[in-house]
Amino acid sequence: MFIEVNKIPPEGQEVDQVLALPPILQSNGEFAPLEGVKLVGVLRRRDSDVEFQGQVEGVVSLVCSRCLTPFKLTLEEACHRIFRPGALGRSESEHELVEEELALTPFDGVRIDLSEMAREQMYLAVPLKPLCRESCRGICPRCGTDRNITSCNCPEDKSDLSPLTSKLTLQ
Ligand SMILES: [Zn+2]
Ligand SMILES: [Zn+2]
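Our subject in this report is the structure included herewith. Values in this document were obtained by computation on a predicted structure and should not be read as measured data.

This part covers the nonpolar core. With 32 residues, the main nonpolar core has Leu39, Leu43, Val50, Phe52, Ile112 and Leu114 as its most contacted residues. Mapped onto this core, the elements with two or more residues apiece are β2 (13-19), β5 (34-46), β6 (49-63), β7 (70-85) and α2 (114-125). Excluding residues that lie within four positions of it along the chain, Val50 makes contacts with Val5, Ile8, Leu43, Arg44, Arg45, Arg81, Ile82, Phe83, Phe107 and Ile112.

Structure below.
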């Protein structure tokens, strides 16, 4: 969803928009579909910059990293961006981006892409290791039983390490 910057009135422009966004590509290579994504907030012009302040919400379909059960997670994220015309200079180290720089997004000076902003914000909010619930007991690494449904008779692993890693540690 593109906004023509010169059509934003001096008093600002309210945004209340349902967006159809493509699935998020997660760090594990899986795609996580998004539904009901809604962007709410205000766009304001500050000199040649355009500032957005508001929030994005939506439901993302994930797979539990412990028990592999699909589940849905509702995300509600504050969203603050400053769109600045032109290319942004990179700071010395890309790892030392301060929050202000993260909120700065270059644009062509003509129009800004709110869908892209909403998609990035949702992407940042998706957990790296999604859990269907905090107490998920996961799948037994020995016999493959879903330990949320039934328990098995395998010896309980005391550590959180995978069988391979604990073997290596013992040697
Ligand atoms: Zn789970
Ligand atoms: Zn087992």
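Back to the write-up after that little detour.
Cys64 (SG), Cys67 (SG), Cys132 (SG) and Cys136 (SG) make up the full set of protein donors to the zinc ion (ligand 1), lying at 2.2 to 2.3 Å. Around the zinc ion (ligand 1), the four donor atoms are arranged such that angles at the metal cover 106 to 112°; this shape is classified as tetrahedral. The sequence motif formed by the donor residues of the zinc ion (ligand 1) is C-x2-C-x64-C-x3-C. Separated by 69 residues along the polypeptide, Cys67 in the loop between β6 and β7 and Cys136 in the loop between α2 and α3 (163-170) bring together distant segments of the chain. Here Cys67 falls in the buried class, since its relative accessible area comes to 6%. Residue Cys136 is classed as buried on the basis of its relative accessible area of 4%.

On to the side chain of Asp146. Assignment of secondary structure puts Asp146 in the loop between α2 and α3. For the buried Asp146, which has no salt bridge, the nearest side chain bearing the opposite charge is Arg133, at an N-O separation of 6.7 Å. Residues within four places of Asp146 in sequence aside, it is in contact with Cys67, Thr69, Gly138 and Ile139.

Bringing the sheet that holds β7 into the picture now. The strand order across the open sheet formed by five strands is β2-β5-β6-β7-β8, and the pairing between neighbours is mixed. What marks the edges here is a single partner per strand, and that holds for β2 and β8 (104-107). Sheet twist, expressed as the mean angle between neighbouring strand axes with direction ignored, is 30°. The pairing of β5 with β6 spans 11 bridges and is antiparallel. Residue pairing in the sheet places Leu39 in a bridge with Val56 of β6. The strands that α2 touches are β2, β5, β6 and β7; relative to β7, the one it contacts most, it runs at about 130°.

Protein coordination of the zinc ion (ligand 2) is provided by Cys140 (SG), Cys143 (SG), Cys152 (SG) and Cys154 (SG), with donor distances spanning 2.3 Å. Here the zinc ion (ligand 2) is ringed by four donor atoms whose angles at the metal span 105 to 113°, and the overall shape comes out tetrahedral. Ordering the donors of the zinc ion (ligand 2) by residue number gives the pattern C-x2-C-x8-C-x1-C.

With that out of the way, let us pick up the pattern of salt bridges. The final tally for this structure, using the stated rule, is six salt bridges. For Glu35, the salt bridge identified is with Lys72, shortest N-O distance 2.7 Å. Taken together, the residues span a long stretch of sequence, with Glu35 in strand β5 and Lys72 in strand β7 at a distance of 37 residues. A residue is classified by how much of its surface remains accessible, and Glu35, at 36% relative accessible area, is partly exposed. On the basis of relative accessibility, which here comes to 54%, the residue Lys72 falls in the exposed class.

Parameters and conventions
Counting of residues starts from 1 at the beginning of each chain's written sequence and follows it residue by residue. Throughout, the order in which chains and ligands are written sets their labels, letters from A for the former and numbers from 1 for the latter. For a predicted model such as this one, the threshold for reporting local features is a pLDDT of at least 70, and the threshold for listing and counting side-chain atom pairs is 80 or more; totals across whole chains, interfaces and linings nevertheless cover every residue. The side-chain figures draw on all heavy atoms in the structure; neither hydrogens nor water molecules are used. Nine residue types can take part in a nonpolar core, namely buried Ala, Val, Leu, Ile, Met, Phe, Trp, Tyr and Cys, and a core is a set of them joined through side-chain atoms within 4.5 Å. For every residue, the accessible area obtained with a 1.4 Å probe (protein chains only) is divided by the maximum for its type, and the residue is called buried under 20%, exposed over 50%, and partly exposed between those limits. Secondary structure elements follow DSSP: runs of H or I no shorter than four residues count as helices, runs of E no shorter than two count as strands, and numbering proceeds from the N terminus. For this analysis, residues touch if any pair of their heavy atoms sits within 4.5 Å. Coordinating donors are taken to be N, O and S atoms lying within 2.8 Å of the metal, or within 3.2 Å when the metal is Na, K or Ca; because water is excluded from the atom set, some sites may appear incomplete. The rule is simple: four donors are tetrahedral if all their angles sit between 85 and 135 degrees, four are square planar and six octahedral if opposite donors span more than 155 degrees and the others lie between 65 and 115, and anything that fits none of that is irregular. Charged residues are defined narrowly, with Lys and Arg counted positive, Asp and Glu counted negative, and His plus the chain ends left uncounted. Salt bridges are identified by distance alone: a Lys or Arg side-chain nitrogen within 4 Å of an Asp or Glu carboxyl oxygen. Here, any two strands with at least 2 DSSP bridges between them count as paired. Lines are fitted to the C-alpha atoms to define the axes, a helix being fitted only along its stretch in contact, and any angle between axes, read from their N-to-C directions, falls within 0 to 180 degrees.

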